[in-house]
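Chain by chain, the residues run as shown.
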Amino acid sequence: MSKLEYRAMQELKYRSGQIDRRTFVRSLLATGVALPSALSLAGQVAASTPKSGGRFRMGLGHGSTTDTLDSATSENHFTLVNGYTFGNHLTEVSNTGELIPELAESFESDDAQKWVFNLRQGVEFHNGKTMTSEDVVASYNHHMGEDSTSAAKGLLTQVKSLKADGKNKVIFELENPNADFPFIVSDYHISIRPAGDMASGVGTGGYILQSFEPGVKSVLKKNPNYWKEGKAHFDEVELISIIDPTARQNALTSGDIDAMDRVDLKTVNLFKRNKDIYIWDATGTAHYTFPMRLSVAPFDNYDLRMALKWSIKRQELVDKILLGYGAIGNDHPISTANRYHNAELPQREFDADKAAYHYKKSGHSGKIQLSAADAAFAGAVDAAQLMAASAAEAGMEIEVIREPKDGYWSNVWNNDAKGWCACYWGGRPTEDWMFSAAYTDDTEWNDTAWKTTDAAVKFNKLVKEARAELDDNKRRELYYECQRLIYDDGGTICPIFNSYVSANSKAIATDENIAANWDSDGAKCVERWWFA
Amino acid sequence: MHPVLQTVLGRLGLGLATLFVVSLIIFSAIEMLPGDFGQAILGQAATEETVAAFRRELGLDEPPYVRYLQWVGGAIQGDLGTSFSGRNASGTDRSREVIDLIAPRLWNTLFLASVTAIIAVPVSLFLGITSALYRNSVYDRTINTTTLTTISFPEFFVAYILILLLASLYPIFPSLANVDASTPLSERLYRSALPAFTLTLVIVAHMMRMTRAAIINLLASPYIQMARLSGASQTEVILKHALPNAWAPIATVIAFNLAYLVVGVVVVEVVFVYPGVGQLMVDAVTSRDIPVVQGCALIFAVTYILLNLIADIIGIITNPRLLHPK
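Residues numbered from 1 in each chain as written. Chains lettered and ligands numbered in written order. Predicted model: local features only at pLDDT ≥ 70, side-chain atom pairs only at ≥ 80, totals over all residues.

S.K.: Would you mind going over the overall build of chain A in detail, with residue names and values included?
M.R.: On a plain count of helices and strands, chain A comes out with 18 helices and 19 strands. Here the C-alpha atoms of chain A give a radius of gyration of 25 Å, agreeing with the 24 Å that 2.2 N^0.38 yields for 532 residues. Every one of the 532 residues in chain A was classed for burial, and the buried ones make up 49%. Relative to all contacts within chain A whose residues are 6 or more apart in sequence, the contacts with residues 24 or more apart total 70%. (Helix = DSSP H or I, 4+ residues; strand = E, 2+ residues; numbered from the N terminus. Rg over C-alpha atoms; globule rule 2.2 N^0.38 Å. Buried ≥ 20, exposed ≤ 12 C-beta atoms within 10 Å, placed from the backbone. Contact = placed C-beta atoms within 7 Å.)

S.K.: Account for the overall build of chain B, naming residues and giving values.
M.R.: When helices and strands are counted, chain B shows 14 helices and 0 strands. Listing the helices and strands of chain B from first to last along the sequence gives α-α-α-α-α-α-α-α-α-α-α-α-α-α. Reported as C-alpha extents along the three principal axes, the dimensions of chain B are approximately 85 × 60 × 35 Å. Within chain B, the fraction of its 326 residues that count as buried is 37%. Taking all contacts inside chain B whose residues are at least 6 apart in sequence as the whole, residues at least 24 apart take part in 71%.

S.K.: How would you explain the pairing of strand E4 (residues 104–108) of chain A if you had to name every residue and give the values?
M.R.: Strand direction decides the pairing type here: E4(A) and strand E5 (residues 114–119) of chain A, joined by 4 bridges, are antiparallel. The residue of E5(A) that forms the bridge with A:Ser106 is A:Asn118. (Pairing = 2+ DSSP bridges.)

S.K.: Could you give me a rundown of the pairing of strand E7 (residues 169–174) of chain A, with the residues and numbers involved?
M.R.: Residue and element names in this part refer to chain A. By the alternation rule, side chains of E7 split into Val170, Phe172 and Leu174, which are all buried, and Lys169, Ile171 and Glu173, of which none is buried. Where E5 and E7 come together, 5 bridges link them in antiparallel fashion. The residue of E7 that forms the bridge with valine 116 is isoleucine 171. For strand E6 (residues 159–164) and E7, the ladder comprises 5 bridges, and the chain directions are antiparallel. Note on E7: the bridge partner recorded for leucine 162 is phenylalanine 172.

S.K.: Describe the interface of chain B and chain A, listing the residues and the values that go with them.
M.R.: Each partner contributes to the interface: chain B provides 30 residues, whereas chain A provides 30 residues. Listing elements by their share of the side of chain B that touches chain A, those giving two or more residues are helix H7 (155–169), helix H11 (266–272) and helix H12 (277–286) of chain B. Examining the composition of the side of chain B that touches chain A, we find that 4 residues originate from one element, H7(B), more than from any other. Residue classes in the side of chain B that touches chain A are distributed as 15 nonpolar, 11 polar and 4 charged. (Nonpolar A, V, L, I, M, F, W, Y, C, P; charged D, E, K, R; others polar.)

S.K.: Help me get a handle on the environment of A:Trp445, residues and values and all.
M.R.: Residues and elements named next belong to chain A. Take tryptophan 445: it is sitting in the loop between helix H14 (431–438) and helix H15 (454–468). On a C-alpha basis, the gap between tryptophan 445 and tryptophan 413 in space is 9.5 Å, while along the polypeptide they are 32 residues apart. The residues touching tryptophan 445, leaving out its near neighbours within four places in the chain, are Asn414, Ala437 and Ala438.

S.K.: Now, about the nonpolar core: what can you tell me, with residues and values included?
M.R.: Of all hydrophobic cores here, the largest spans 162 residues; its most connected members are A:Ala372, A:Ala380, A:Ala384, A:Ala422 and B:Phe272. Broken down by element, this core gets its largest block of residues, 14 residues, from helix H8 (residues 185–219) of chain B. Taken domain by domain, the makeup of this core includes at least three residues from each of domain 1 (1–96 + 289–326) and domain 2 (101–286) of chain B. Apart from the residues within four sequence positions on either side, A:Ala384 is in contact with A:Leu370, A:Ala372, A:Val400 and A:Ala422. (Core = buried A, V, L, I, M, F, W, Y, C linked by C-beta atoms within 7 Å. Domains from an automatic or database assignment.)

S.K.: Explain the packing of helix H5 (residues 98–133) of chain B against H8(B) to me, using residue names and the numbers behind them.
M.R.: Describing two packed helices takes the angle between their axes plus the distance from one axis to the other. Residue and element names in this part refer to chain B. For the pair H5 and H8, the least separation of the axes is 6 Å and the interaxial angle reads 35°. The crossing of H5 and H8 is right-handed. Here the contact of H5 with H8 is built from residues that sort into 21 nonpolar, 7 polar and 2 charged. (Axes fitted to C-alpha atoms, helices over the stretch in contact; angles between N-to-C directions. Left-handed = near helix turned anticlockwise from the far one by under 90°.)

S.K.: Residues and numbers for the domain arrangement of chain B, please.
M.R.: All names here are of chain B. On domain assignment, one finds that chain B holds domain 1 (1–96 + 289–326) and domain 2 (101–286). Computed from C-alpha coordinates alone, the two centres of domain 1 and domain 2 are separated by 28 Å. Of the residues belonging to the side of domain 1 that touches domain 2, the class tally is 10 nonpolar, 7 polar and 2 charged.

S.K.: Tell me what's going on with the packing of helix H10 (residues 234–263) of chain B against helix H13 (residues 290–318) of chain B, and back it up with residues and numbers.
M.R.: All names here are of chain B. Relative orientation of the contacting elements H10 and H13 amounts to 170°, with a least axis distance of 8 Å. Put simply, H10 runs roughly antiparallel to H13. Between H10 and H13, the contacting residues are Pro244, Trp247, Ala248, Ala251, Thr252, Ala255, Leu258, Ala259, Val262 and Val263 on the first element and Phe300, Thr303, Tyr304, Leu307, Asn308, Ile310, Ala311, Ile314, Gly315 and Thr318 on the second. Tallied by class, residues from the contact of H10 with H13 come to 15 nonpolar, 5 polar and no charged. (Parallel < 35°, antiparallel > 145°, perpendicular 65-115°, else oblique.)

S.K.: Requested: an account of the sheet that holds E5(A), with residues and values cited.
M.R.: All names here are of chain A. As summarised here, the arrangement of the 4 strands in space is E4-E5-E7-E6, forming an open sheet in which the pairing is antiparallel. This sheet does not close on itself; its edge strands, each paired only once, are E4 and E6. Taken pair by pair, the neighbouring strands of this sheet meet at an average axis angle of 15°, ignoring direction.

S.K.: Describe H14(A), naming the residues involved and giving the relevant values.
M.R.: Residues and elements named next belong to chain A. With 6 of 8 residues buried, H14 lies mostly within the body of the structure. Here H14 has its buried residues at Glu431, Asp432, Met434, Phe435, Ser436 and Ala438. Considering only its buried residues, H14 is in contact with strand E16 (423–425), H15 and helix H16 (472–488).

S.K.: Got a sec to walk through the confidence of the model for chain B? Specific residues and values, please.
M.R.: All names here are of chain B. In the predicted model, chain B carries a mean pLDDT of 86, and the fraction of residues at 70 or more is 90%. The secondary-structure element of chain B with the lowest mean pLDDT is helix H2 (residues 37–42), recorded at 65, while helix H6 (residues 138–152) shows the highest, at 94. Of the regions scoring below 50 in pLDDT, residues 88–92 engages in 17 contacts with residues more than four places distant in sequence or in other chains. (pLDDT = per-residue confidence, 0-100.)

S.K.: Would you mind going over unusual backbone geometry in detail, with residue names and values included?
M.R.: All names here are of chain A. The residue after alanine 297, namely proline 298, is reached through a cis peptide bond having omega 5°. One can find proline 298 in the loop between strand E12 (277–291) and helix H9 (302–309). Located in the positive-phi region is alanine 112, a residue other than glycine, with phi close to 65°. Here alanine 112 shows up in the loop between E4 and E5. Residues other than glycine seldom take positive phi values, yet asparagine 414 does so here, at roughly 55°. Checked against the element boundaries, asparagine 414 lands in the loop between helix H13 (408–411) and E16.

S.K.: Give me the lowdown on the environment of B:Ser152, citing residues and values where you can.
M.R.: Relative to the assigned elements, B:Ser152 resides in helix H6. Along the sequence, B:Ser152 and B:Leu218 sit 66 residues apart, while their C-alpha atoms lie 28 Å from each other.

Here it is as structure tokens:
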């Protein structure tokens, strides 16, 4: 046995409690590790070993008195975290971004059109009932009924039929092949609840709901029968809605909560000085865009779009608007957190010459209007001003129009009355999902109206092809090409990906990988974190 | 009939008339709110048909006067209707009665208002009387400057300063006041301490200065000079002769501030995450949950009218001329 193997073995024993700290440190010393490093190594190992217990209090920047326990109406981050805490789904996105089975033990498909999910056996709901295929079917029908107003209804229109095959198997028949369907079922809306009880908050999750006051707080306690191993470490959980960022930060500073989301970027540098907390951030799929509508002149002109795409100082936007908490984008919506992010596309930078060249070629003259309001994202108006300043360097004149916040999404965004505006997207876990939300020709949210150019037609064809493709390499090729088409011909300017910035008390320990598919460790922090 | 009883009944009648007018104003103001609940809750998924179906289901397609009569008729019987939210999603109706939504929040608000009043009213009376007693002294000036300073700052600023001092630097009180129905009284008091202090600092100046001004005003009256000439000490003059005649204006201003504590503390609620009725109303306005907005507004109106009525009655009872008319 080599020294390294011996160390690893001792570490395992220490983690599992077979040997104590003293023995562990001594064994490290014996293999030639110096005392200070041995001690810090022991500390690291101890910190990364989940411990049970404690009351976890989290302050969340969302929550409203209209919130419910019905996952069909989940729309804000409070309901997301709450839902993931007491409920499970067929699949889950792990903290490393992989899709793993959750209540489904496994899933398979030969043609991406018929999907079979084999359910985990012996999983109990909080009310003692054993979960079967009947509950899964009922939970899905809850979102699919004719008069369902579930927010997941649109996602599930692709399901032609759904039936139980015995107690432990569910078969989905789709309208068209979709290789990403297992990702869709991890969506936070589609929580598995006992048949006939979709709204009272009974689930299979790691915590049992004790009380829920909409817009105020949710109190949960550990589920002693939780089926998932090595998860859900806290004894009690209190999720508190604290909308005001200053109040949230005060509460964390004074120890009234242990963790919070959405740190105020304006004060993050002061906040960081506090020795009892740490700030962490995760760059996920969320991004800010400036969609140009191809249905409105002058944005139907390829060269004008190109000129604007070359006239943006992306790093400046990250530094000034996101205060460094983000990454630059490359004019397509697929982030590095996605599976098939096309890293081969050259990064577009500010280039006054190229911008001026395309601008001249476009033949446009005069002001170009850009509508913005902070309803799009915090700092949208400032970002628009910065873009106007850099475009001026390339000889273009952008007029920033400050729009009212109220009604921004109905009167400004995705509206032919305004050719160019600011927008944000929470992002989607898969390429297909993101494209079909905002870029294909059949979605209402196609805010660039990019539908009829040759590239757009090709894009739509490729997206459909990729959806039905199960071969990983072929899908990669198709999605790379899709990203290139948006990058080149598309109407969107996607200059920045914003990070989720959160703060935890030093008492909270997490795995070294933190999920980026949603804020708060994929909104599953409550079952993933523990008290160090 | 006793003249006091007669006046009280008269005022009560006037109060009811005011309430009727207020209910009309509330209803028409909400009619004028832009946007509708169907669109607000369905969001970007709202198509014309779904919104129309939603409006039908909620009875929003009825003409305004019918809805007004239904609402007022229900409210008289103590039924404020059913909240709009929670009515969607596959036909199951999980909406809550407005009264069930408001009651726990209103109880929290009344609790905070009472705690604040219990601190603020005696303190302002004491400060007002003593500063009248030692008029223009250093004491008087200090009290005036301090209270004027605290009233001049916006509430959230006072709140943040208190949090900084009493929750962060010297952690004596919690910065979160998130009480719920199961919180025991002692814990509830402890958690509500900072919001109560904040509100005290905000309202003391008004009440204290009114007390002081009312008393000083009277000190110039001939009957006070008479009392002085008959050898009464300054303390005696103020407590025995001036104060009894000053109760009416003091009661009015106290009532005004108490009403403010019930209806106007949403900023303090947000900063301290206190689940009061103000936050509920703001949420309801955002989501266009009309029954809840109307219910809250009506309760606020009743609070104002009742407190002013009480102030009036106190004014009458403490004024011998009104109590024993010729």
